[in-house]
Amino acid sequence: MENYDVIIVGGGPAGLTAGIYTGRQNLKTLILDKELAGGQAREVPVIDNYPGFSMVSGLEIIEKTKSQTSKYADIHEFEEVLDVFNENHSFIVKTSKGEYTSKAIILTTGSRHRQLDVKGENEHLGKGVSYCATCDGMFFKGKDILVVGGGNTAAIDAIYLKDLGCNVTLVHRRDRLRCQKYLEDQLIESKIPIIWNTTVEAIEGEPLVSNVKLLNKDGTKSEISVNGVFIAVGDIPHNKIAEKLNLKLSDDGSILCDKYQRTGLCNVYAAGDVTGGLKQWIVACGEGAVAAISAYEDIIKNS
Ligand code: NAP
């Protein structure tokens, strides 16, 4: 069983940043990610609000960050954490490939896409339904697309898909968008039609998506013919490990922590999207750095 000072669960922006900070403090650090490091951050088509970078893809920043972090931490991809428990003042981390110990744990487990939970959604996954415009957009060039949602992701996806050459319509359940103003302006500028006050009732087509049933708030039902449905209706935190550790969670399942990213359980910290709040790349990195500094201080204090 290999021993580490710090084990970071999740290799997105928060986890990779935490790894830079702990590694540079000479703490032996392991980052575990059940998939490729980067998580949902890999899917972001364009980022223009990260200082020093302009109009860059999530994949590009992640690859650069991963290469930087690998100088300071071991990064194990495709290794899922199955269990974490406290034993004799250290943590035992059981994964799909082995077992490790550590003095501290930083949870940067991120979040997963929220589903619409409507008829035909699961059945058409990969057959016209997607949660990732960057991954699947290119298959829909010249095709009719419905983007669902009114937040930043929906706006960014709609604009990205339109720029790719898709014929995009946005559907939103309210009469106002939630996204930032500059994205709303871009949506208007790109003349993407928006269907307001409307929800998706069912996604249909055999075997590929061919039409979507819609329901307006006033009770009016309609149908739209599309080849693809890109769903961008928010995220649900990955809190399985947090639950195993009995951490305090908010009503939406995010991990609660203080401003030093301490969770309340000794030597356990959390950072990034799994903590809820402002889901911004730079916030995730900042929280990752703070969690790492707190871990360093606590390890030194207790050694
Ligand atoms: P979000 O901000 O939570 O927005 C989700 C959208 O989906 C909302 O408009 C919501 O409607 C709608 N929605 C939720 N459940 C729905 C349902 N069952 N049916 C229909 N519509 C539904 O999610 P997001 O856009 O994925 O963004 C997630 C987080 O990442 C946010 O904090 C966001 O600010 C951040 N983010 C930031 C950037 C950036 O800074 N450039 C880019 C992407 C994401 P209501 O408006 O009615 O609630």
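Structure's up top.
Structural notes, computed from the coordinates.

About the criteria used
- Residues numbered from 1 in each chain as written.
- Predicted model: local features only at pLDDT ≥ 70, side-chain atom pairs only at ≥ 80, totals over all residues.
- Heavy atoms only, no water.
- Axes fitted to C-alpha atoms, helices over the stretch in contact; angles between N-to-C directions.
- Helix = DSSP H or I, 4+ residues; strand = E, 2+ residues; numbered from the N terminus.
- Left-handed = near helix turned anticlockwise from the far one by under 90°.
- Contact = heavy atoms within 4.5 Å.
- Pairing = 2+ DSSP bridges.
- Near = heavy atom within 4 Å.
- Polar contact = N/O pair within 3.5 Å; in protein donor to acceptor, adjacent residues only side chain to side chain.
- Areas by Shrake-Rupley, 256 points an atom, 1.4 Å probe, with all protein chains shown as cover.
- Buried < 20%, exposed > 50% of the residue type's maximum accessible area, 1.4 Å probe, protein only.
- Patch = residues over 30% accessible without salt bridge, like charges linked within 9 Å, V, L, I, M, F, W, Y side chains within 5 Å.
- Salt bridge = Lys/Arg side-chain N within 4 Å of Asp/Glu carboxyl O.
- Lys, Arg positive; Asp, Glu negative; His and termini not counted.
- Charge placed at Lys NZ, Arg CZ, Asp CG, Glu CD.
- Core = buried A, V, L, I, M, F, W, Y, C linked by side-chain atoms within 4.5 Å.

Here we come to the packing of helix H4 (residues 152–164) against helix H5 (residues 181–189). For any two helices packed against each other, the geometry comes down to the angle between their axes and how far apart the axes lie. For the pair H4 and H5, the least separation of the axes is 10 Å and the interaxial angle reads 35°. Both H4 and H5 take part in a crossing whose hand is left-handed. When H4 is examined against H5, the residues Asn 152, Ala 155, Ile 156, Ala 158 and Ile 159 are found in contact with a partner set consisting of Leu 183, Gln 186 and Leu 187.

A word on the sheet that holds strand S13 (residues 211–216). The sheet built from three strands is open, its strands ordered S12-S13-S14 with antiparallel pairing. Edge strands, defined here as strands with exactly one partner in the open sheet, are strand S12 (198–204) and strand S14 (221–225). Adjacent strand axes in the sheet meet at a mean angle of 30°, parallel and antiparallel pairs treated alike. One ladder, built from six bridges, connects S12 with S13; its direction is antiparallel. Directly across from Ile 203, in S13, lies its bridge partner Val 212.

Every one of the 20 residues lining the ligand counts as a neighbour, but Thr 153, Arg 174, Arg 178, Lys 279 and Gln 280 are closest to it. Gly 151 is positioned with one of its backbone polar atoms (N or O) 3.3 Å from an oxygen atom of the ligand. Arg 174 is positioned such that a nitrogen or oxygen atom in its side chain is 2.7 Å from an oxygen atom of the ligand. Computed on the free molecule, the ligand has an accessible area of 910 Å², of which 79% lies beneath the protein chains in the complex. If one sorts the elements of the shell around the ligand by residue count, H4 sits on top with three residues.

Turning to the pairing of strand S5 (residues 90–95), a few remarks are in order. Counting buried residues in S5 gives five out of six residues, a clear majority hidden from the surface. Bridge analysis of strand S4 (residues 81–87) against S5 gives six bridges, and the strand direction is antiparallel. In the strand pairing of S5, Asn 86 is matched with Phe 91. In this structure, the hairpin formed by S4 and S5 is closed by a connection of two residues, where Asn 88 is found at a positive phi of approximately 50°. With four bridges connecting them, S5 and strand S6 (residues 99–107) associate as antiparallel partners. Paired with Val 93 across the strands is Tyr 100, a residue of S6. Remark: three residues form the turn of the hairpin made by S5 and S6, two consecutive strands paired antiparallel.

The next subject is a positive patch on the surface. Together, Arg 114, Arg 173, Arg 178, Lys 217 and Lys 279 line one region of the surface with positive charge. If you trace the backbone, Lys 279 turns up in the loop between strand S17 (268–270) and helix H7 (281–302). On the accessibility criterion, Lys 279 (35% relative accessible area) is partly exposed.

Looking now at the nonpolar core. Counting residues in each nonpolar core, the largest one holds 25 residues, and the members touching the most others are Val 6, Ile 106 and Trp 281. When contributions to this core are tallied by element, the ones reaching two or more residues are strand S1 (2–9), helix H1 (13–24), helix H2 (58–69), S6 and H7. When residues in this core are grouped by element, the largest group, seven residues, is from H7. Beyond its immediate chain neighbours, meaning those up to four positions away, Ile 106 contacts Val 6, Ile 7, Ile 8, Val 9, Ala 18, Thr 22, Tyr 269, Ala 291, Ala 292 and Ala 295.

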